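Secondary and tertiary structure notes
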Amino acid sequence: EGESVVYQGQTYAMDTTFSIQHQALSGCDSLENVAITMLPSQTMVVDLSACPGDQVTYEGISLAVGDQQDFIYTNQYGCDSIISVSVLALPTDASSLTLQTCPGTTIDYNGTALTVGDQIPFTFTNSLGCDSVVTVSVTALPTDATSLALQTCPGTTIDYNGTALGVGDQVAFTLANSLGCDSIVTVTVSALPTSTGSVSLQSC
């Protein structure tokens, strides 16, 4: 296909049939039936796959994802046999994961210590051998801050969480809330009111 053939001084480039009349030596007509048939060429499509960024080898040629190349051989008729090779991308994975930890502490992911505010991509391999990227973000668990007012008599102390506090003290106590994070209680101690009075006594 794509070539031409010459017969009896005529050029033919496609399948055709015709008859040619000759005169034999005996003087009688001789009819020649001619059929010209183009030999077939062959075209085959081959799809290969590779991970994005990788290459695959075909017939010693390195091909990347997105490449398309024709390889030309010769079939049994001596005509072209074309193999059209395309390289398709295997799928990659991308996902996100949010972790939480207390402010000022770390949390472990895949052997890496992460702190609040971190956003780090971790690259693994999926079932097809391509990249599986997990983006890990770390947010803060809530902390608590409250205040507590206590009162005691001037010159005395009052106990809070094992600490003796006197009038005028303002102390922050760091405890743990239900999530295990800081719960800060600011304790202020004021004086209980006192009273002053007079007593008159009389005697003979």
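A word on the side chain of Thr-101. Take Thr-101: it is sitting in strand E10 (residues 93-101). A distance of 2.8 Å separates a polar atom in the side chain of Thr-101 from a polar atom in the side chain of Thr-105. Those residues in contact with Thr-101 that sit more than four places away from it in its chain are Thr-106, Ile-107, Val-116, Val-138, Thr-139, Ala-140 and Leu-141.

Moving on to the sheet that holds strand E9 (residues 80-89). Within the open sheet, the three strands sit side by side as E5-E9-E8. Their pairing is mixed. Unpaired on one side and paired on the other, strand E5 (42-50) and strand E8 (68-74) mark the two borders of the sheet. Put simply, the sheet's adjacent strands are angled 25 degrees from each other on average, direction ignored. In terms of strand pairing, E8 meets E9 through seven bridges, oriented antiparallel. Within E9, the residue paired with Tyr-73 across the bridge is Ser-81.

Looking now at the sheet that holds E10. Pairing between the strands of a sheet comes from backbone hydrogen bonds, and it takes one of two forms, parallel or antiparallel. If you walk across this open sheet you meet the three strands as E10-E14-E13, and the pairing is mixed. Two strands bound the open sheet, and with one partner strand each, they are E10 and strand E13 (119-125). Strand-to-strand twist of the sheet, defined as the mean angle between neighbouring strand axes without regard to direction, takes the value 25 degrees. As paired elements, E10 and strand E14 (residues 131-140) share nine bridges and run parallel to each other. When the bridges of E14 are listed, Gln-100 appears paired with Thr-139.

Overall, the coordinates contain two disulfides when judged by the stated rule. What pairs with Cys-102 in a disulfide is Cys-181, and their sulfur atoms sit 2.0 Å apart. Classification of the bridge connecting Cys-102 and Cys-181 rests on its S-S torsion, roughly -85 degrees, and on that basis the disulfide is left-handed. Taken together, the positions of Cys-102 in the loop between E10 and strand E11 (106-109) and Cys-181 in the loop between strand E18 (170-176) and strand E19 (182-191) put the pair 79 residues apart, joining distant regions of the chain. Overall, Cys-102 belongs to the buried group, its relative accessible area being 12%.

Rules behind the numbers
- Residues numbered from 1 in each chain as written.
- Predicted model: local features only at pLDDT ≥ 70, side-chain atom pairs only at ≥ 80, totals over all residues.
- Heavy atoms only, no water.
- Helix = DSSP H or I, 4+ residues; strand = E, 2+ residues; numbered from the N terminus.
- Polar contact = N/O pair within 3.5 Å; in protein donor to acceptor, adjacent residues only side chain to side chain.
- Contact = heavy atoms within 4.5 Å.
- Pairing = 2+ DSSP bridges.
- Axes fitted to C-alpha atoms, helices over the stretch in contact; angles between N-to-C directions.
- Disulfide = S-S within 2.5 Å.
- Buried < 20%, exposed > 50% of the residue type's maximum accessible area, 1.4 Å probe, protein only.

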